[in-house]
Amino acid sequence: MMEYGLLGEKLGHSFSPQIHQALAGYDYRLLPTPPEEVEALLRRREFRGLNVTIPYKQTVIPLCDRIDPQTAAIGAVNTVVNRDGQLTGYNTDITGLIAMARRAGVDMAGKKVVILGSGGTSRTAQAAARELGAAEIVVVSRRGEDNYQNLSRHADAQVLLNTTPVGMYPGCGETPVSLDAFPHLDGVLDMIFNPLRTALILEAQERGIPCSGGLPMLVVQAQRAAELFTGREIPDSRAEEVLRSLTAQVQNIVLVGMPGCGKSAVGRLLARRLGKQFVDTDRMVEDMAKKPIPAIFAQEGEAAFRALESRAVREAGSRTGCVISTGGGVVTRPGNRPPLRQNGVIVHLTRDLALLPTKGRPLSQQAGLSALWQQRAPLYAAFAGITVQNSGTLEEAAEKIEKELNTR
């Protein structure tokens, strides 16, 4: 008999086996299953427990022998436990969502809450909002009475929850709504965990609104599911450790800075030290153009290079678990920042101008390093969250970056 697994139609990349292994140490498998095979899988009962994801959170309800009362009220099951051949359905998503809201400092008590989406996850979000004391709950869907064409009627919303897949990888950068529609928000939650920060969450962060992506919810719902599977309590401190470890693992480290400041050399070393993949957006541009960067500048101009660079940034930024070295001028396009921030922390690597090389660097030669630094210094400061001086060895610079990351 299989121990535990995740049932879904198209699971793609999932952190669930790693999370459950870290929390409870049992065997946990991904079970991508087409709709016509779901009933047979549950009827065989050849498992001790299952988590259930899109689109089967309602499909499995009639296949269970018993539904937990709270779960029955929600109308969506994400955890099925096999006890002596009897299947009981639970919803641990609500525990995860409530924990995520509290961890982010998003208070719903007495407030108007707008929930985007009307599927199984929306049902969970509605139950969580009720439990957290929301004064009013509005569900927005594409064809419902409250829809994306009449959002203005809910401009007084104070908390916004996204339960739709809009913005999820590979649709990074998409957003179901603009926060301009809700000028009174003091909380934004997005159930999506890949990327770590959707466009919706990045917009909330820019506005200083308390917010969270879905990774904390994913870990805490797994914690509760593991407790149901095993009958053993798992400390909240352990779930927090798993969350921090997973975040560090999947998070990108993005290096920006003047041409020749050491981004590539330090980045390669840092990637080896942390067991991450190294990505160089300049090399990606050259691969796209099938020519070196000086030739791109000479033959097609800077605008053509910047367009290719932005393509490379979008592709690199959608990856996880990487150290990304960027070109010196990546900060000149504000649109490059969100793709790099969605999964990453941005580090400004600095170095004495007298030590920066100019050979093979068109803009460093044309504008002069001092003038280029004067133009870009404020852009680097606005672009990055951490600044590290590369004034000694590569190892020292890498150690400084690690130390900064560990204190965040």
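Preceding this paragraph is the structure being described.
Predicted, not measured: the structure shown is a model, and the values here were computed from it.

A. Focus on the pattern of salt bridges. Taken as a whole and assessed by the stated rule, the structure comprises 25 salt bridges. Ionic pairing is found between Arg224 and Glu227, a salt bridge with its closest N-O pair at 3.5 Å. Pair noted here: Arg224 and Glu227 are both in helix α7 (residues 215-230), with a separation of 3 residues, about one helical turn. Take Glu227: its relative accessible area is 16%, and that puts it in the buried class. Put simply, Arg103, Glu240 and Arg244 are held in one network by salt bridges that share partners.

B. Examining the pairing of strand β7 (residues 112-116) more closely. Counting buried positions along β7 yields 5 of 5 residues, so the element is predominantly enclosed. Across 5 bridges, β7 lies against strand β8 (residues 136-140) in parallel orientation. For Ile115, the partnering residue across the bridge sits in β8 and is Val139. Pairing geometry for β7 and strand β9 (residues 159-162), over 4 bridges, is parallel. Residue pairing across strands places Leu116 opposite Asn162, the latter belonging to β9.

C. Spatial organisation of the pairing of strand β12 (residues 252-256). Judged by how many residues are buried, β12 sits mostly within the fold: 5 of 5 residues are covered. A two-sided burial pattern is seen for β12, the buried positions comprising Asn252, Val254 and Val256 on one face and Ile253 and Leu255 on the other. Bridge analysis of β12 against strand β15 (residues 344-350) gives 5 bridges, and the strand direction is parallel. Its bridge partner lying in β15, Leu255 is registered against Val347.

D. The arrangement of the nonpolar core in detail. Core analysis: the largest hydrophobic core is formed by 44 residues, its most contacted members being Ile253, Val256, Leu340, Ile346, Val347 and Ile401. If near-sequence neighbours (up to four positions away) are discounted, Val256 is found in contact with Lys263, Thr326, Val330, Val331, Ile346, Val347, His348, Leu349, Tyr380, Phe383 and Ala384. Within the second largest apolar cluster, 25 residues are counted, among which are Leu23, Tyr26, Ala226 and Ala239.

E. Up close: the side chain of Lys263. Residue position: Lys263 is located in helix α9 (residues 263-274). Buried charge without a partner: Lys263 forms no salt bridge, and the closest opposite charge is Asp282, 6.5 Å away. A distance of 3.0 Å separates the side chain of Lys263 from the backbone oxygen of Gly257, its partner in a polar contact. Among the polar contacts made by the side chain of Lys263, one reaches the main-chain carbonyl oxygen of Met258 at a distance of 3.1 Å. Setting aside anything within four residues of it in sequence, one finds Lys263 in contact with Leu255, Val256, Gly257, Met258, Ser325, Thr326, Gly327, Gly328 and Leu349.

F. Seen up close, the packing of helix α1 (residues 16-24) against helix α8 (residues 236-250). Put simply, α1 and α8 touch, their axes get as near as 10 Å, and they point 140° apart. The hand of the α1/α8 crossing is right-handed. Contacts between α1 and α8 pair Gln18, Ile19, Ala22 and Leu23 from the former with Arg238, Ala239, Val242, Leu246 and Gln249 from the latter. When grouped by side-chain class, the residues that make up the contact of α1 with α8 number 6 nonpolar, 2 polar and 1 charged.

G. Fine view of helix α6 (residues 199-206). Along α6, the residues classified as buried are Leu200, Ile201, Leu202, Glu203 and Ala204. If you follow the buried residues of α6, they end up packed against β9, β10 (188-190), β11 (211-212) and α13 (337-341). Of the residues flanking the end of α6, it is Gly208, one or two places downstream, whose phi is positive at about 75°.

H. Seen up close, the sheet that holds strand β13 (residues 277-280). Ordered in space as β13-β14-β12-β15-β16, the 5 strands form an open sheet in which the pairing is parallel. Both edges of this open sheet fall to β13 and β16 (386-389), since each of them pairs with a single strand only. Adjacent strand axes in the sheet meet at a mean angle of 25° when their direction is disregarded.

I. Structural context of the environment of Glu404. One can find Glu404 in helix α16 (residues 394-406). Setting aside residues no more than four positions away along its own chain, Glu404 makes contact with Ile386 and Val388.

J. Quick look at the sheet that holds β8. With parallel pairing, 5 strands are arranged side by side in an open sheet as β8-β7-β9-β10-β11. Each edge of the open sheet is held by one strand with a lone partner, namely β8 and β11. Across the sheet, α6 lies against β9, β10 and β11, angled at about 160° from β10, the strand it touches most.

K. Molecular detail of helix α5 (residues 120-131). Between its first and last C-alpha atoms α5 spans 17 Å; for 12 residues at 1.5 Å apiece the expected length is 16 Å, and the two agree. Buried residues dominate α5, accounting for 9 of its 12 residues. Considered for burial, the residues of α5 that qualify are Gly120, Thr121, Ser122, Thr124, Ala125, Gln126, Ala127, Ala128 and Ala129. At its buried positions, α5 is contacted by α3 (69-74), α4 (93-104), β7, β8 and β9. Trailing α5 by a residue or two, Gly133 shows a phi angle of about 85°, which is positive.

Reading the values: rules and limits
Residues numbered from 1 in each chain as written. Predicted model: local features only at pLDDT ≥ 70, side-chain atom pairs only at ≥ 80, totals over all residues. Heavy atoms only, no water. Salt bridge = Lys/Arg side-chain N within 4 Å of Asp/Glu carboxyl O. Helix = DSSP H or I, 4+ residues; strand = E, 2+ residues; numbered from the N terminus. Buried < 20%, exposed > 50% of the residue type's maximum accessible area, 1.4 Å probe, protein only. Pairing = 2+ DSSP bridges. Core = buried A, V, L, I, M, F, W, Y, C linked by side-chain atoms within 4.5 Å. Contact = heavy atoms within 4.5 Å. Lys, Arg positive; Asp, Glu negative; His and termini not counted. Polar contact = N/O pair within 3.5 Å; in protein donor to acceptor, adjacent residues only side chain to side chain. Axes fitted to C-alpha atoms, helices over the stretch in contact; angles between N-to-C directions. Left-handed = near helix turned anticlockwise from the far one by under 90°. Nonpolar A, V, L, I, M, F, W, Y, C, P; charged D, E, K, R; others polar. Expected span 1.5 Å × (residues − 1).

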